[in-house]
Amino acid sequence: MSLINQSTIALRARIDEAVKDLHELTIKINHADLAKTVSDLRNRINDPFMFVIVGEVKAGKSSFINALLQTDREITKVAPQPMTDTIQQIVYGEKEEVIVINPFLKKILIPVDILKEVAIVDTPGTNTIIEHHQEITESFIPASDLIVFVFEAKNPYRQSAWDFFKFIHGDWRKKVIFVLQQKDLMSAEDLEVNMQGVLDYAEKQGIHQPQIFATSAKLEKDGNKTESGFIPVRHYILENITGGKAPVLKLENSVSTCLRINDSIREGLDLRQQQWEADMEFRKDIKSTLDNQELKSNRQVDQLVENILAGYDRTTQAKERELREGLSLFSLVRRSISSIFTKNFSQRVVGNSGQRTGAKPERSAARKTARWHQ
Ligand SMILES: Nc1nc2c(ncn2[C@@H]2O[C@H](COP(=O)(O)OP(=O)(O)O)[C@@H](O)[C@H]2O)c(=O)[nH]1
Ligand SMILES: [Mg+2]
């Protein structure tokens, strides 16, 4: 026994360390909700195994707890005004005491032996009008070790109850047992039908061999222990939870809750990675579009420059041609004028001083004309 205790204590210390790391991770990634969940889990790791009793308002949850605890009095108030009810955490204490934690949460300490191994949380109801109740009930789920889902035996088919069940089982994979309460109010045959209905539905939701109990807190209170249905419930608890098993089961549950949280962080990271990759792909796409556009623009600029140059060439060639043509016209005119001038001059020289002396100026005029041509 002491060996088990030693190993349990060592295991708890290791799990405590892992939960601490997980808590730091949730803070690092800035996930306020998960950080709070893990912080709650850390605070409760040394608590006893925790039953959380959930179900619709007036299903008979509080009566179920009172009957289970076998005390002479009502520990948790039965029914009068469910709307003003609080969540009540019932734990072991040497003497009775009620500690108000906040307007929605009360801690009740009582000297009942079973509470040394299990703590019980009574919740006002999943369909309660006050939103905070649902919120707080939900906040108890991650730290719970066993969920007792209580239905009114007459009607276990309400949608809101099964929606809440999906949250518990689907999101948190918590261990659940089902109780059909107030069975004294219906015939054995009808009860049989509803038990089968719950069984079918739970199996459809993926629960393997669901545990379903039918109880009557009224019969138990009246002392009809054979008919009340509490014997099988107590037997189940004794076989599966109490009798020294609770601390290890509690640690196992804490580990699986941590794994759930870890998974959900991983899913978040995977999602972000996918988003990042999609963003990178998009950026690549934009870059290649821009590159293509740049290439196209460059080509257009080249084309434009070529066109301008070609236009320039055409214009200069035309101008050059015009100029050249202009110049040759001018030289033609000039030659003509010059030849007229030369003819007149030679005639005059020949007339004045004879052929020999006239030869010289004619040659020099021809030279002048030749210079014009150069
Ligand atoms: N006949 C009968 N009435 C019950 C039984 N359990 C609870 N009730 C009544 O059902 C009503 C709601 O019970 P309560 O335990 O307060 O339901 P809770 O809102 O789920 O906590 C009260 O009027 C109880 O007296 C039962 O086993 N048999
Ligand atoms: Mg109640």
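Residues numbered from 1 in each chain as written. Chains lettered and ligands numbered in written order. Predicted model: local features only at pLDDT ≥ 70, side-chain atom pairs only at ≥ 80, totals over all residues. Heavy atoms only, no water.

Time to look at the overall build of the protein chain. Looking only at helices and strands, the protein chain features 10 helices and 8 strands. Looking at the 374 residues of the protein chain, the share that counts as buried comes to 35%. Put simply, of all contacts in the protein chain between residues at least 6 apart along the chain, 68% involve residues at least 24 apart. For the protein chain, the exposed surface amounts to about 23,500 Å²; the carbon and sulfur share of it is 55%. (Helix = DSSP H or I, 4+ residues; strand = E, 2+ residues; numbered from the N terminus. Buried < 20%, exposed > 50% of the residue type's maximum accessible area, 1.4 Å probe, protein only. Contact = heavy atoms within 4.5 Å. Areas by Shrake-Rupley, 256 points an atom, 1.4 Å probe, with all protein chains shown as cover.)

A word on helix α2 (residues 32-44). The α-helix winds at 3.6 residues per turn, so residues separated by three or four positions along the chain end up facing the same way. In this model, α2 (13 residues) spans 18 Å end to end at C-alpha, consistent with the 18 Å of a helix rising 1.5 Å per residue. Along α2, the positions that sit buried rather than exposed are L34, A35, T37, V38, D40, L41 and R44. (Expected span 1.5 Å × (residues − 1).)

Attention shifts here to the pairing of strand β5 (residues 118-122). Most of β5 is tucked away, with 5 of its 5 residues classed as buried. Note that strand β1 (residues 49-55) and β5 share 5 bridges and pair parallel. Bridge pairing links I53 to D122 in β5. (Pairing = 2+ DSSP bridges.)

Our next topic: a nonpolar patch on the surface. On the surface, L329, L332, V333 and I337 cluster together into a nonpolar patch covering about 380 Å² of accessible area. For V333, the position within the fold is in helix α10 (residues 246-373). For V333, a relative accessible area of 43% corresponds to the partly exposed category. (Patch = residues over 30% accessible without salt bridge, like charges linked within 9 Å, V, L, I, M, F, W, Y side chains within 5 Å. Salt bridge = Lys/Arg side-chain N within 4 Å of Asp/Glu carboxyl O.)

Another aspect to go through is the pattern of salt bridges. Taken as a whole and assessed by the stated rule, the structure comprises 11 salt bridges. For E17, the salt bridge goes to K20, with nearest N and O atoms at 3.8 Å. Placement of both E17 and K20 in helix α1 (residues 2-28) is noted, with a separation of 3 residues, approximately one turn of the helix. Under the relative-accessibility criterion, E17 is labelled partly exposed at 43%. For K20, a relative accessible area of 30% translates into the label partly exposed. The partner of E56 in a salt bridge is R158, and the shortest N-O contact between them spans 3.8 Å. Of the two residues, E56 sits in the loop between β1 and α3 (61-69) while R158 sits in the loop between β6 (146-152) and α5 (159-172), which places them 102 residues apart along the sequence.

Here the focus is the pairing of strand β4 (residues 105-110). Of the pairings in the sheet, the one linking strand β2 (residues 87-92) to β4 comprises 6 bridges and is parallel in character. Among the inter-strand pairings, I90 is bridged to a residue of β4, identified as I108. Where strand β3 (residues 97-102) and β4 come together, 5 bridges link them in antiparallel fashion. Looking across to β4, one finds that N102 is bridged to L105.

On to the sheet that holds β5, then. If you trace the 8 strands from one edge of the open sheet to the other, you get β3-β4-β2-β5-β1-β6-β7-β8, paired in mixed fashion. Only two strands of the sheet have a single neighbouring strand rather than two, namely β3 and β8 (211-214). Shown here is a sheet whose adjacent strand axes are inclined to one another by a mean of 20 degrees, direction ignored. Running at roughly 155 degrees to β5, α3 makes contact with β1, β2, β4, β5, β6 and β7 (176-181) of the sheet. (Axes fitted to C-alpha atoms, helices over the stretch in contact; angles between N-to-C directions.)

All right, on to unusual backbone geometry then. With a phi angle near 65 degrees, N30 is a residue other than glycine that sits in the positive phi range. By secondary structure assignment, the location of N30 is in the loop between α1 and α2. Among the residues examined, N30 registers a relative accessible area of 70% and is labelled exposed.

Turning next to α5. The terminal C-alpha atoms of α5 lie 19 Å apart, and with 14 residues this matches the ideal 20 Å at 1.5 Å per residue to within 8%. Of the positions making up α5, those classed as buried are A161, W162, F164, F165, I168, H169 and W172. Buried positions in α5, seen along its axis, are confined to an arc of 155 degrees and lie on one side of it. Looking one or two places after α5, you find R173, whose phi comes out positive at around 55 degrees. (Arc of directions from axis to C-beta.)

A few words on the nonpolar core. Considering soluble globular proteins, one finds that nonpolar side chains tend to be buried as a cluster. Counting residues in hydrophobic clusters, the biggest one holds 40 residues, and the most contacted among them are V52, V54, I141, F149, I168 and F178. With 6 residues, the top contributor of residues to this core is α5. When neighbours within four sequence positions are excluded, I141 is seen to be in contact with V52, V54, I147, F164, F167, I168, W172 and K174. L68, L69, V118 and F213 belong to the second-largest nonpolar core, a separate cluster that totals 29 residues. (Core = buried A, V, L, I, M, F, W, Y, C linked by side-chain atoms within 4.5 Å.)

Moving on, we get to the confidence of the model for the protein chain. Taken as a whole, the protein chain shows an average pLDDT of 83; of its residues, 83% reach a score of 70 or greater. Ranking the helices and strands of the protein chain by mean pLDDT puts β8 first, with 97, and helix α4 (residues 131-140) last, with 66. Per-residue pLDDT stays below 50 along residues 354-363; that stretch engages in 6 contacts with residues further than four places along the chain or on separate chains. Confidence drops under a pLDDT of 50 for residues 365-370, and excluding neighbours within four residues, the segment shows 3 contacts in the predicted structure. (pLDDT = per-residue confidence, 0-100.)

Moving on, we come to the side chain of D145. Of note, D145 is situated in the loop between α4 and β6. Engagement of the side chain of D145 in a polar contact is seen with the backbone nitrogen of M50, the distance being 2.6 Å. In contact with D145, not counting residues within four places along its chain, are P48, F49, M50, K175, K250 and N253. (Polar contact = N/O pair within 3.5 Å; in protein donor to acceptor, adjacent residues only side chain to side chain.)

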